[in-house]
Amino acid sequence: MIYLCYFILLSIVVLFPLDFLLVLIPDDSYYYFEIAKNVALIGESTFDTINKTNGFQPLWLIILVPFFSFKLDLVLTLRIIILFSGVIFFITLTILYRLSKLLFDNKTAEFSVILFAFNPLNIILNLNGTEAALNGLILSILFYYIFKTNFEDINERDFLIIGFLLSLSFLIRTDNIILISSIISFTIFSGMVKVKKENFKIFLLFIVILLFLPSIYISWNLINFNHILPISGVAFGISITSVLISLMVIVTICSSLGYIFRKLELNEKLLKILILLIITPILYRSYYLYLEISGPGRFAEWYYVLPFISLTILISFALINLFRKIALYSKSSDIKRYNIKIWALQIAFISLLFMIFVPITAVNRIDHGARYQASIWINENTPEDSIIASGNAGCLGYFTSRPLIETGGLVNSYEFFETYKGNDTAFIIEGDYDYYVDRKMYIPLSNAEMEDLGLILVKEIIEPRKEGWNIHIWYNPI
């Protein structure tokens, strides 16, 4: 019944009008789509067809490439990608059910699936075109295997599967290195995994498998860009030094906690719950909070798939136990009535989430319709050899059939970023382009300053709900 309801919901989402799709899909997703389209059609990793880039999470981009090789209508391709994400999400629900049942019981597993499938924030998170759905699937499978595996009596097959899943998780999101380093340091120092001579072969194979996929990705970056990090991370102020310092802090924390818990002689299951469902999610949030405070880092909901999974399982367990006490307190002697009360309380909780988060989400997600209209205007009113530029280029770049330069450096080349340092003002003044397009509130110069530079406002596309989101199209005659 839960899965049927979810597929009905997914069908509605996929068949919704274009305006709804434009609201559902964030600007960042279009960066993936446009790069995947260029890889499929011209064989180059580029957003603007001018500069090569590695500003993306690799595995999700690789998976997206076949969708664009068929040269289907751009809007139809969006619907297919959302449907594909929904199928991935459906499989994740199945794994999550097994994981929750393995950890606790059937009722907790049922509620975990309900909460994960119908939490409005999670629906948006998994159907927005980012790598979130794929990340959720791999992390759920990884967690299931870790909890299923008895580390005291190592099963070689399961141990190698865990190594592969950890390796794969790095390709889905490179920040999953937080998860990898946390798990390895905690399991060793907590005594869950004992490094012994007879286990040496397994550990060696585990390390080889763990490093295999990250090594390929890092080698590709070095060969093609002479850098290890993706340019999107560099643009947000991340460096090799900051990564190494962060990893040292994480390893120190997890190793110390592992050693402390080892002294407390906690059982293996509780240790796994502590590291996977509590400690690592806290480290994820702390890491991004640090980036937000110390530099140009930002919050994006698709960064937090791991905390979503962890909170879903823990909240489900807590609420089911609370619901049981409430149902028992009502002196229900009939099992059927008891189950009905549990279901009623679950439905009430999900309804409360919708009442709280749907209005908040609706207010914060302004329609992308103006950007889409701007792309159509550009396609119809500019020469085919025109070069367009924008600081927020995702949706514009996807629907515009002209080369469109992303001026912030997130999906550009290292050379471009070194030249302009992600400074939109510097590019507007010094860059080589024919039209500059963006929402009024994001253009760093006033209309008067733009005119003083010789630019001409040729089109303003109105976004009725917020004036600052009006799209300005400036022509550069120089």
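Quick caveat, the model's predicted, so the values are computed rather than measured.

Asks: Honestly, the pattern of salt bridges in this entry has me stumped. Any pointers?
Replies: Oppositely charged side chains can form a pair if their charged atoms are brought close together. According to the stated counting rule, one finds 8 salt bridges in the structure shown. Of the charged contacts in the structure, one is a salt bridge between Glu-34 and Lys-37, with a shortest N-O distance of 2.9 Å. On the criterion of helical spacing, the pair formed by Glu-34 and Lys-37 is a turn pair, its members being 3 residues apart in helix H3 (residues 27–42). Its relative accessible area of 6% is what places Glu-34 among the buried residues. On the basis of relative accessible area, Lys-37 is assigned to the buried category, the value being 13%. Note that Asp-158 and Lys-148 form a salt bridge whose closest N and O atoms lie 3.3 Å from each other.

Asks: How do you make sense of the side chain of Thr-108 when you look at a structure like this?
Replies: Its place among the elements puts Thr-108 in helix H6 (residues 106–118). For Thr-108, a relative accessible area of 0% translates into the label buried.

Asks: Looking at this structure, I do not really get the nonpolar core. What am I missing?
Replies: Generally speaking, soluble globular proteins have nonpolar side chains that are buried together. Ranked by internal contacts, the top residues of the largest apolar core, which has 129 residues, are Tyr-30, Phe-33, Leu-142, Phe-143, Leu-179, Leu-276 and Ile-473. Residues within four places of Phe-143 in sequence aside, it is in contact with Leu-99, Leu-179, Leu-276, Leu-277, Leu-306, Ile-309 and Ser-310. Ranked by size, the runner-up nonpolar core spans 14 residues in total, among them Ile-405, Tyr-436, Ile-443 and Leu-455.

Asks: Honestly, the sheet that holds strand S3 (residues 435–439) in this entry has me stumped. Any pointers?
Replies: Consider a sheet: its strands pair through backbone hydrogen bonds, and that pairing is either parallel or antiparallel. A sheet is described by the order of its strands in space; here 5 strands give the open sequence S2-S1-S3-S5-S4, paired in mixed fashion. The strands lining the two open edges of the sheet, one partner per strand, are strand S2 (404–406) and strand S4 (456–461). Going from strand to strand, the sheet's axes swing by 25° on average, the running direction of each strand aside. Note: strand S1 (residues 388–390) against S3, 2 bridges, orientation parallel. Each residue of the ladder has a partner; that of Ala-389, found in S3, is Tyr-436. Across the sheet, helix H17 (residues 369–381) is in contact with S1, S3, S4 and strand S5 (471–475); its angle to S5 comes to roughly 25°.

Asks: How do you make sense of unusual backbone geometry when you look at a structure like this?
Replies: As a rule of thumb, non-glycine residues mostly have phi less than zero, and peptide bonds are mostly trans rather than cis. Backbone geometry places Lys-71, a non-glycine residue, at a positive phi of 55°. For Lys-71, the position within the fold is in the loop between helix H4 (58–69) and helix H5 (74–103). The class of Lys-71 is exposed, set by a relative accessible area of 68%.

Asks: Explanation requested: the packing of aromatic side chains in the structure shown.
Replies: Each aromatic ring pair is summarised here by two numbers: the centre-to-centre distance and the angle between the ring planes. As enumerated under the stated definition, the model contains 34 aromatic pairs in all. Summarising the aromatic geometry, the rings of Phe-416 and Tyr-420 are spaced 4.9 Å apart at their centres and angled 50° between planes, so their arrangement reads as tilted. Here Phe-416 and its partner Tyr-420 are both found in helix H19 (residues 414–420), 4 residues apart, which amounts to about one turn of the helix. On the basis of relative accessibility, which here comes to 9%, the residue Phe-416 falls in the buried class. Through a chain of ring-to-ring contacts, three or more aromatic side chains come together here, namely Tyr-30, Phe-33, Phe-68, Tyr-372, Tyr-398 and Phe-399. The ring of Phe-225 carries Lys-52 above its face, with NZ or CZ at 5.8 Å from the centroid.

Asks: Looking at this model, I keep getting lost on the packing of H5 against H6. Mind explaining?
Replies: Helix-helix packing is characterised by the crossing angle of the two axes and by the distance between the axes. Look at H5 against H6: their axes get within 8 Å of each other, and the N-to-C directions meet at 150°. As judged from the angle between their axes, H5 and H6 are roughly antiparallel. Handedness of the H5/H6 crossing: right-handed. When H5 is examined against H6, the residues Phe-89, Thr-92, Leu-93, Leu-96, Tyr-97, Ser-100 and Lys-101 are found in contact with a partner set consisting of Asn-106, Thr-108, Ala-109, Glu-110, Ser-112, Val-113, Phe-116 and Ala-117. Of the residues contributing to the contact of H5 with H6, the split by class is 8 nonpolar, 5 polar and 2 charged.

Calculation notes
- Residues numbered from 1 in each chain as written.
- Predicted model: local features only at pLDDT ≥ 70, side-chain atom pairs only at ≥ 80, totals over all residues.
- Heavy atoms only, no water.
- Salt bridge = Lys/Arg side-chain N within 4 Å of Asp/Glu carboxyl O.
- Helix = DSSP H or I, 4+ residues; strand = E, 2+ residues; numbered from the N terminus.
- Buried < 20%, exposed > 50% of the residue type's maximum accessible area, 1.4 Å probe, protein only.
- Core = buried A, V, L, I, M, F, W, Y, C linked by side-chain atoms within 4.5 Å.
- Contact = heavy atoms within 4.5 Å.
- Pairing = 2+ DSSP bridges.
- Axes fitted to C-alpha atoms, helices over the stretch in contact; angles between N-to-C directions.
- Phe/Tyr/Trp six-rings, centres within 6.5 Å; stacked < 30°, edge-to-face > 60°.
- Lys NZ or Arg CZ within 6 Å of the ring centre and 35° of its normal.
- Parallel < 35°, antiparallel > 145°, perpendicular 65-115°, else oblique.
- Left-handed = near helix turned anticlockwise from the far one by under 90°.
- Nonpolar A, V, L, I, M, F, W, Y, C, P; charged D, E, K, R; others polar.

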